[in-house]
Amino acid sequence: MQAMVQTQNLRKTYKHADGTSIEAVKGVDLEIHQGEIFSLLGPNGAGKTTTISMISGLLTPTTGDAVIGGYSITKQPLEAKRLMGFVPQEIALYPELSARQNLLFFGKMYAMGGKALNQRVDELLEFIDLADRQNNRIDTFSGGMKRRVNIAVGLLHRPQLIYMDEPTVGIDPQSRRRILDTVKQLRDEYGMTVLYTTHLMEEAQELSDRVGIMDHGAIIAMGTQGELTQQVGEEDRLEFTIGAQTVTDELIERIQNKATAVTRVLYNPPEQLSEEGSESTPARLIAFAKRGRTALPLIIQILDAAGIEIQSVAVREPDLEAVFLALTGRALRD
Ligand SMILES: Nc1ncnc2c1ncn2[C@@H]1O[C@H](COP(=O)(O)OP(=O)(O)OP(=O)(O)O)[C@@H](O)[C@H]1O
Ligand SMILES: [Mg+2]
């Protein structure tokens, strides 16, 4: 299979004004094959946007390079950029212009014009199913509609490769569905290569031919979903959402020892989601077990006896979340 994108030791260190610095991407080597959907899956701050920005030439790597269809993004940026389209994480449209005017404007930035540009804009408005709203201002659009226009902008110059940085964040389920279908259509009907980033396991699982799992600036696992889940074996994962009661090491040990077939227990304490501290994720206890359904009642008994309130229970088969948990000890969270 031919490589559409190949990166070598991509690194990015951001320097802050106060003299401190952060190594946001720590030597990423990845290969994306022609015609595949490749997802970078990782939690907030993992380095997904920084990686995709370096591969697309928006950000200069501190070290390393990316080769796109044979062209180095640092040495032959014009040739490399001609092959790719980019859908940024933030909406980048003029709110006071209509959808059509936005597309015409960005088309001219790609040095397109005349009849060819008009035709391409017609085609794309059909493709994103917004032909009937093309003359309305962007600021009258829903979040999902804006995202679709954003995607059309990335497709204007008929790239072979498209980067999409978390294109479904903050939109309703129906719009999300539409965008996921569009991504698959780009691969299946137009033979495009897609580099997709997300922090949602479900999206990575539905879309990807291959996945790179990212954490703290590094790719910690990469492969097809089958290859990745094989790494964690055949174990089921029992997930308990629990009350705020304290979970002691002793309790975790008791579960590990008493409940047969439990190989590992992880405790993820509640996590603050906002600075004000008004929102937080619930505490979670996660047990890996060979026969999840057999271990389940035993664990419930132990938690009950310890006075831990169980708010919900789920038994999950090996998936990408299990791979992330096994490698980091933490859950992928919103
Ligand atoms: N311009 C910048 N200056 C300084 N630090 C930055 C800058 N951009 C990102 N960072 C830091 O680099 C790290 C990686 O950020 P990045 O945006 O690449 O992550 P991400 O995986 O895209 O996260 P998210 O899911 O929140 O979009 C974070 O710690 C972030 O705070
Ligand atoms: Mg990001």
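The structure under discussion appears in the preceding block.
In short, a report on the structure.

Scoring rules and cut-offs
- Each chain carries its own residue numbering, running from 1 in the written order of its sequence.
- Each chain takes a letter, starting from A, and each ligand takes a number, starting from 1, following the order in which they are written.
- A pLDDT threshold of at least 70 governs which residues receive local features in this predicted model, and a stricter bar of 80 or more applies before side-chain atom pairs are shown or counted, although totals over entire chains, interfaces and linings include all residues.
- Excluding hydrogens and water, the side-chain figures rest on all heavy atoms present in the structure.
- Aromatic rings from Phe, Tyr and Trp, with only the six-membered ring used for Trp, were paired whenever their centres fell within 6.5 Å, and each pair was classed as stacked if the ring planes differed by under 30 degrees, edge-to-face if by over 60, and tilted otherwise.
- Here a strand is any run of E in DSSP of at least two residues, a helix any run of H or I of at least four, and the numbering for each starts at the N terminus.
- Burial classification: accessible surface area is computed with a 1.4 Å probe over protein chains only, and a residue below 20% of its type maximum counts as buried, one above 50% as exposed, and the rest as partly exposed.
- Any residue with a heavy atom lying within 4 Å of a molecule or strand is counted as near it.
- By the criterion applied in these results, polar contacts are pairs of N or O atoms within 3.5 Å in which, for protein atoms, one can donate a hydrogen and the other can accept it, and in which residues neighboring in sequence qualify only through two side-chain atoms.
- All accessibility values rest on the Shrake-Rupley procedure with a 1.4 Å probe; residue burial counts only the protein chains present in the view.

## Some words on the packing of aromatic side chains
Each pair of aromatic rings is reported with the distance of its centres and the angle of its planes. Within the structure shown, the criterion is met by five aromatic pairs. Plain terms: the ring middles of tyrosine 94 and phenylalanine 105 are 5.1 Å apart, the flat faces sit at 80° to each other, and that makes the pair edge-to-face. Taken together, the positions of tyrosine 94 in the loop between strand S7 (84–87) and helix H3 (99–109) and phenylalanine 105 in helix H3 put the pair eleven residues apart, joining distant regions of the chain. For tyrosine 94, a relative accessible area of 37% puts it in the partly exposed group. Under the relative-accessibility criterion, phenylalanine 105 is labelled partly exposed at 32%. Here phenylalanine 105 and phenylalanine 106 contribute two aromatic rings whose centre-to-centre distance is 5.3 Å and whose plane-to-plane angle is 85°, an arrangement assigned as edge-to-face. An aromatic cluster is defined as three or more aromatic residues linked by ring pairs; in this entry it consists of Tyr94, Phe105 and Phe106.

## So, the site of ligand 1
Near ligand 1 you find 14 residues, and of these Gly45, Lys48, Thr49, Thr50 and Glu166 are the closest. A distance of 2.8 Å is found between an oxygen atom of ligand 1 and a side-chain nitrogen or oxygen belonging to threonine 49. In this structure, an oxygen atom belonging to ligand 1 sits 3.0 Å away from a side-chain N or O atom of glutamine 89. The fraction of the free accessible surface of ligand 1 (640 Å²) that becomes covered by protein chains is 65%. Listed by contribution, the elements that provide at least two residues to the shell around ligand 1 are strand S2 (21–28) and helix H1 (48–55). Broken down by element, the residue count for the shell around ligand 1 peaks at three residues, all from H1.

This is a description of form; function is not addressed.
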